[in-house]
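One letter stands for each residue in the lines below.
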There are 2 protein chains.
Amino acid sequence: MEYPSKLIERAVEEIAKLPGIGKKTALRLALHLLKESENNTLALSTSLVDLRTKTTYCHKCMNIADADICNICASHRRDKSIICVVEDTRDVLAIENTSQYTGLYHILGGVISPIEGVGPSELNIEQLINRINGADEPVKEVIFALSPTMEGDTTAFYLTKKLKEFDVNISTIARGIPIGGELEYTDEITLGRSILSRITYKQD
Amino acid sequence: MEYPSKLIERAVEEIAKLPGIGKKTALRLALHLLKESENNTLALSTSLVDLRTKTTYCHKCMNIADADICNICASHRRDKSIICVVEDTRDVLAIENTSQYTGLYHILGGVISPIEGVGPSELNIEQLINRINGADEPVKEVIFALSPTMEGDTTAFYLTKKLKEFDVNISTIARGIPIGGELEYTDEITLGRSILSRITYKQD
């Protein structure tokens, strides 16, 4: 496509580098900025640069934070004997939204994926082990809340082996048919797993 | 949602101001930038600020341009006796992609929409009239290529009245069932219009 201006061409190219945004959407966004006041664009641009250059990570859980220790790790209300291992910050937000979990988190920064060239050394696994090793309060349980994919399972398997030497319980979040889901529309793999991992209510 | 950092909160808010981007997508984009190199974010941010602060508009057709006169208006190959009136730059790109039009354009910058508070004075209508008045080469035809909506039709009606005093032909792009479209899946309004605006091949 031949853009009427080099400036718009460059902006479209840069915006289209973002995941899930194609050239058509990028052009729509660029034209939107041109219609809006200059201050909006400046605020957007500053917030992006600030985010990238000033963001720090919590030394404990490796989550994005404003200080050396994030709010969750610093809170006295959280149960410090449970660590929930997640892929990234979005998972923390999702779990926090449920209000069902009061322990701490550990952000891996991804999952083991040989295809994408992500090995264990690229993830925050060393930090997790150091954390369990040197915790003021002993860690009793590590929960894996990883994606139900091949990569997520591989990562959980790797971590389980790594954590064998520690006296911690290891668990994984339940997988099965979603609440509100209908049996007949659930895929076979999920349904099959939900039968294998059935929960016994009453046992004689 | 409680974000782990004020910086990410501000970035998400700014990104989510863009049309069609919600908070979840904004967070995904922000986290993507955090994972990528700092240079990518700086390039994106600079391109946006440059776009907003340095872009100029063609004095003739009001399209985005790098100079006072855009490439299309400056070209000797274009038929300067036809002006195609469009809403914005994207429409110019779309029509240019068809390679079916060799005339000039005029960008209105929107359509008349009382609901959104856009009146004729907000659009580049005065510039269109001045252009037809003071053209070096007489303008023979004005084509309306506006959206087939109430607002588009209102704008075309308003412009037709405004252009009555000039000796120019006024036309509008054809509306009907799209090429490759199937009759039975076409909505009634489009189908009805396509019958009313039928084209006669042979007349005795």
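Here the structure is a predicted model, which means the values were calculated and not measured.

Reading the values: the criteria
- Residues numbered from 1 in each chain as written.
- Chains lettered and ligands numbered in written order.
- Predicted model: local features only at pLDDT ≥ 70, side-chain atom pairs only at ≥ 80, totals over all residues.
- Heavy atoms only, no water.
- Salt bridge = Lys/Arg side-chain N within 4 Å of Asp/Glu carboxyl O.
- Helix = DSSP H or I, 4+ residues; strand = E, 2+ residues; numbered from the N terminus.
- 1 Å grid on protein atoms, 1.4 Å probe; cavity = no way out; pocket = protein on both sides within 12 Å on 5 of 7 lines; lining within 4 Å.
- Points joined across faces, edges and corners; volume = space filled by probe spheres on them.
- Nonpolar A, V, L, I, M, F, W, Y, C, P; charged D, E, K, R; others polar.
- Contact = heavy atoms within 4.5 Å.
- Buried area = accessible area lost by both parts, 1.4 Å probe.
- Least-squares fit on C-alpha atoms with pLDDT ≥ 70 in both.
- Domains from an automatic or database assignment.
- Disulfide = S-S within 2.5 Å.
- Buried < 20%, exposed > 50% of the residue type's maximum accessible area, 1.4 Å probe, protein only.
- Axes fitted to C-alpha atoms, helices over the stretch in contact; angles between N-to-C directions.
- Parallel < 35°, antiparallel > 145°, perpendicular 65-115°, else oblique.
- Core = buried A, V, L, I, M, F, W, Y, C linked by side-chain atoms within 4.5 Å.
- Pairing = 2+ DSSP bridges.
- Right-handed = clockwise from strand over helix to strand, strands pointing away.

**Considerations on the pattern of salt bridges**
1) Next: Counting across every chain of the model gives 14 salt bridges over all chains.
2) Next: A salt bridge links Lys6(A) to Glu9(A); its shortest N-O distance comes to 4.0 Å. Taken together, the positions of Lys6(A) and Glu9(A), both in helix 1 (residues 6-15) and three residues apart, correspond to about one turn of that helix.
3) Next: Between Arg10(B) and Asp50(A) there is a salt bridge whose closest N-O contact spans 2.7 Å. In this pair, Arg10(B) is assigned in helix 1 (residues 6-15) and Asp50(A) in helix 3 (residues 38-54), connecting two distinct chains.

**A word on the layout of surface pockets**
1) Next: For the largest pocket, the calculated volume is near 650 Å³.
2) Next: Along its surface, the largest pocket is lined by 26 residues, and Lys35(A), Glu87(B), Asp88(B), Gly109(B) and Gly110(B) are the ones closest to its centre.
3) Next: If you list the elements that add at least two residues to the lining of the largest pocket, you get helix 2 (23-35) of chain A together with helix 5 (89-98) of chain B.
4) Next: Sorting elements by how many residues they give to the lining of the largest pocket places helix 2 of chain A first, with five residues.
5) Next: Partitioned by chemical class, the residues of the lining of the largest pocket number eleven nonpolar, seven polar and eight charged.

**Observations regarding empty space enclosed by the protein**
1) Next: Tallied over the full model, the rule gives two cavities of 30 Å³ or more.
2) Next: In this structure, the largest cavity is lined by 14 residues; those nearest its centre are Ile15(A), Leu18(A), Leu44(A), Leu18(B) and Leu48(B).
3) Next: Within the residue set of the lining of the largest cavity, elements represented by two or more residues are helix 2 and helix 3 of chain A together with helix 2 (23-35) and helix 3 (38-54) of chain B.
4) Next: A class-by-class count of the residues in the lining of the largest cavity yields 14 nonpolar, no polar and no charged.
5) Next: Looking at the second largest cavity, its volume works out to about 30 Å³.
6) Next: Along the walls of the second largest cavity sit Cys61(B), Asn63(B), Cys70(B), Ile72(B), Cys73(B), Val92(B), Tyr105(B) and Ile107(B), which together make up its complete lining.

**Concerning the interface of chain B and chain A**
1) Next: Contacts between the two partners involve 53 residues from chain B and, on the opposite side, 53 residues from chain A.
2) Next: Among the residues chain B hides against chain A, the three largest losses belong to Leu34(B), Leu51(B) and Arg52(B). Together they make up 13% of the total.
3) Next: There are two salt bridges connecting chain B and chain A.
4) Next: Element by element, the count of residues in the side of chain B that touches chain A is highest for helix 3 of chain B, at 15 residues.
5) Next: When the residues that make up the side of chain B that touches chain A are grouped by side-chain class, the tally is 26 nonpolar, 13 polar and 14 charged.

**Focus: the relation of the copies chain B and chain A**
1) Next: For these two chains of identical sequence, chain B goes onto chain A by a turn of 179° and a shift of 0.0 Å along the axis, with RMSD 0.1 Å. Such a turn and shift between the copies fits a two-fold axis. Distance from the rotation axis, computed per C-alpha, reaches its smallest value in chain B at Ser45(B): 2.4 Å.
2) Next: A share of 100% of interface residues in chain B that are also interface residues in chain A marks the association as one of identical surfaces.

**Concerning the domain arrangement of chain A**
1) Next: Entries for chain A in the domain assignment read domain 1 (6-54) and domain 2 (57-172).
2) Next: Here the C-alpha centre of domain 2 of chain A lies 33 Å away from the C-alpha centre of domain 1 of chain A.

**Brief notes about the state of the cysteines**
Residues and elements named next belong to chain B.
1) Next: For the structure on display, the rule yields zero disulfides over all chains.
2) Next: With no disulfide of its own, Cys58 has Cys61 as its nearest cysteine by sulfur position, at a separation of 3.7 Å.
3) Next: By relative accessible area, Cys58 is classed as buried at 0%.
4) Next: The thiol of Cys73 is unpaired, and the distance to the nearest cysteine sulfur, on Cys61, comes to 3.7 Å.
5) Next: On the accessibility criterion, Cys73 (4% relative accessible area) is buried.

**Some details on the packing of helix 3 of chain A against helix 3 of chain B**
1) Next: The N-to-C vectors of helix 3 of chain A and helix 3 of chain B enclose an angle of 170°; their axes lie 9 Å apart at closest approach. The angle between the axes of helix 3 of chain A and helix 3 of chain B places the two elements in the roughly antiparallel class. Across the interface between the two elements, Glu38(A), Thr41(A), Leu42(A), Leu44(A), Ser45(A), Leu48(A), Val49(A), Arg52(A) and Thr53(A) of helix 3 of chain A pack against Glu38(B), Thr41(B), Leu42(B), Leu44(B), Ser45(B), Leu48(B), Val49(B), Arg52(B) and Thr53(B) of helix 3 of chain B.
2) Next: A per-class count over the contact of helix 3 of chain A with helix 3 of chain B returns eight nonpolar, six polar and four charged.

**Concerning the nonpolar core**
1) Next: By size, the foremost hydrophobic cluster in this structure holds 40 residues, and its most contacted members are Ile8(A), Ile15(A), Ile21(A), Ile8(B), Ile15(B) and Ile21(B).
2) Next: Of all the secondary structure elements, the ones that give two or more residues to this core are helix 1, helix 2 and helix 3 of chain A together with helix 1, helix 2 and helix 3 of chain B.

**Digging into the pairing of strand 4 (residues 103-107) of chain B**
All names here are of chain B.
1) Next: Here strand 4 lies mainly inside the structure; five of its five residues are buried.
2) Next: Relative to strand 4, strand 3 (residues 79-86) runs parallel, the two sharing five bridges. Across the sheet, Asp79 pairs through a bridge with Gly103, a residue of strand 4.
3) Next: The handedness of the strand 3 to strand 4 crossover, carried by helix 5, is right-handed.

**Focus: the sheet that holds strand 4 (residues 103-107) of chain A**
Residue and element names in this part refer to chain A.
1) Next: Sheet architecture is open: four strands sit in the order 4-3-5-6, paired in parallel fashion. The open sheet has two edge strands, strand 4 and strand 6 (169-172), and neither has a second partner. Ignoring strand direction, the axes of neighbouring strands in this sheet form an average angle of 25°.
2) Next: In the sheet, strand 5 (residues 141-144) pairs with strand 6 via four bridges, with the strands oriented parallel. Looking at the pairing, Val142 lines up with Ile170 of strand 6.
3) Next: Sitting on the sheet, helix 5 (residues 89-98) is in contact with strand 3 (79-86) and strand 4, with an inclination near 160° to strand 4.
4) Next: Packed onto the sheet, helix 6 (residues 125-133) meets strand 3, strand 4 and strand 5 and runs at close to 150° relative to strand 4.

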